[in-house]
Amino acid sequence: MANVEISMKETMTAVEGALGVAVVDYTSGMALGTLGGGKDLDLNVAAAGNTDVIRAKVRTMEHLGLKGEIEDILITLATQYHLIRLLKGRTGSGLFLYLVLDRSRSNLAMARHQLKRIESELEV
């Protein structure tokens, strides 16, 4: 099992094109940890904003009567992918992994696969 810091470092090195990663508590919108980012990518602001995305999607699913759990949410920009993966299990409840990828240097399918693997090893 890996802690938050180790998991974020592994994400940045294992996922080609990774620009930034955060582990976020979506009940509060606070990032438990961030790595990467920069002046054009404030991961703390993104963490809070993506909390709203998750809450909106959960509400919409409830209104539609949809059953099941959200695995991940993809936001596609002209030059980036923003991938939100909700964590499951007893230690991950209420948390999500947020990964920003450079679209020209990344493989989205491999990034999703790596996030799933990292999630399985993460212990919060």
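A quick note: this is a predicted structure, and the numbers were derived from the prediction, not measured. (Residues numbered from 1 in each chain as written. Predicted model: local features only at pLDDT ≥ 70, side-chain atom pairs only at ≥ 80, totals over all residues. Heavy atoms only, no water.)

### Here's the deal with the layout of surface pockets
Put simply, the largest pocket is a space of about 240 Å³. As for the largest pocket, its lining consists of 14 residues, of which Tyr26, Gly68, Glu69, Ile70 and Leu86 are closest to the centre. In terms of residues, the lining of the largest pocket owes the most to one element, helix H2 (residues 43-64), which gives three residues. Per-class residue counts for the lining of the largest pocket are seven nonpolar, four polar and three charged. (1 Å grid on protein atoms, 1.4 Å probe; cavity = no way out; pocket = protein on both sides within 12 Å on 5 of 7 lines; lining within 4 Å. Points joined across faces, edges and corners; volume = space filled by probe spheres on them. Helix = DSSP H or I, 4+ residues; strand = E, 2+ residues; numbered from the N terminus. Nonpolar A, V, L, I, M, F, W, Y, C, P; charged D, E, K, R; others polar.)

### Structural notes on H2
Here H2 spans 31 Å end to end across 22 residues, near enough to the 32 Å set by a 1.5 Å rise per residue. Residues of H2 that are buried make contact with strand S1 (18-25), strand S2 (30-36), strand S3 (72-76), strand S4 (80-86) and strand S5 (95-102). Two or three places before Asn44, at the opening of H2, Asp42 has a side-chain oxygen 3.0 Å from that residue's backbone nitrogen. With its phi angle positive at about 75°, Gly65 sits one or two positions after the end of H2. (Expected span 1.5 Å × (residues − 1). Contact = heavy atoms within 4.5 Å. Polar contact = N/O pair within 3.5 Å; in protein donor to acceptor, adjacent residues only side chain to side chain.)

### Description of the packing of helix H1 (residues 4-14) against helix H3 (residues 108-121)
Viewed as axis vectors pointing N to C, H1 and H3 meet at an angle of 160°, and their least axial separation amounts to 10 Å. Regarding the angle of H1 to H3, the classification is roughly antiparallel. Where H1 crosses over H3, the two elements pack in a sense that is right-handed. Together, Ser7, Glu10, Thr11 and Ala14 of H1 and Gln114, Leu115, Arg117, Ile118 and Glu121 of H3 make up the contact between the two elements. Across the contact of H1 with H3, the residue classes break down as three nonpolar, three polar and three charged. (Axes fitted to C-alpha atoms, helices over the stretch in contact; angles between N-to-C directions. Parallel < 35°, antiparallel > 145°, perpendicular 65-115°, else oblique. Left-handed = near helix turned anticlockwise from the far one by under 90°.)

### A closer look at the side chain of Thr11
Locating Thr11 in the fold gives a position in helix H1. Within polar-contact distance, the side chain of Thr11 engages the backbone oxygen of Ser7 at 2.8 Å. Setting aside chain neighbours within four positions, we find Thr11 in contact with Ala18, Val21, Leu99, Leu115 and Ile118.

### Looking at the sheet that holds S5
Taken in spatial order, the five strands make up an open sheet running S2-S1-S5-S4-S3, and their pairing is antiparallel. Bordering the open sheet on either side are S2 and S3, each of which pairs with just one other strand. Across the sheet, the mean angle separating the axes of adjacent strands is 15° when strand polarity is ignored. Of the strand pairs in this sheet, S3 and S4 are connected by five bridges, and their pairing is antiparallel. Paired with Thr76 across the strands is Tyr81, a residue of S4. (Pairing = 2+ DSSP bridges.)

### Examining the environment of Ser93
Considering the arrangement of structural elements, one finds Ser93 in the loop between S4 and S5. Note on Ser93: relative accessible area 62%, which makes it exposed. For the pair Ser93 and Asp25, spaced 68 residues apart in sequence, the C-alpha to C-alpha distance is 8.8 Å. (Buried < 20%, exposed > 50% of the residue type's maximum accessible area, 1.4 Å probe, protein only.)

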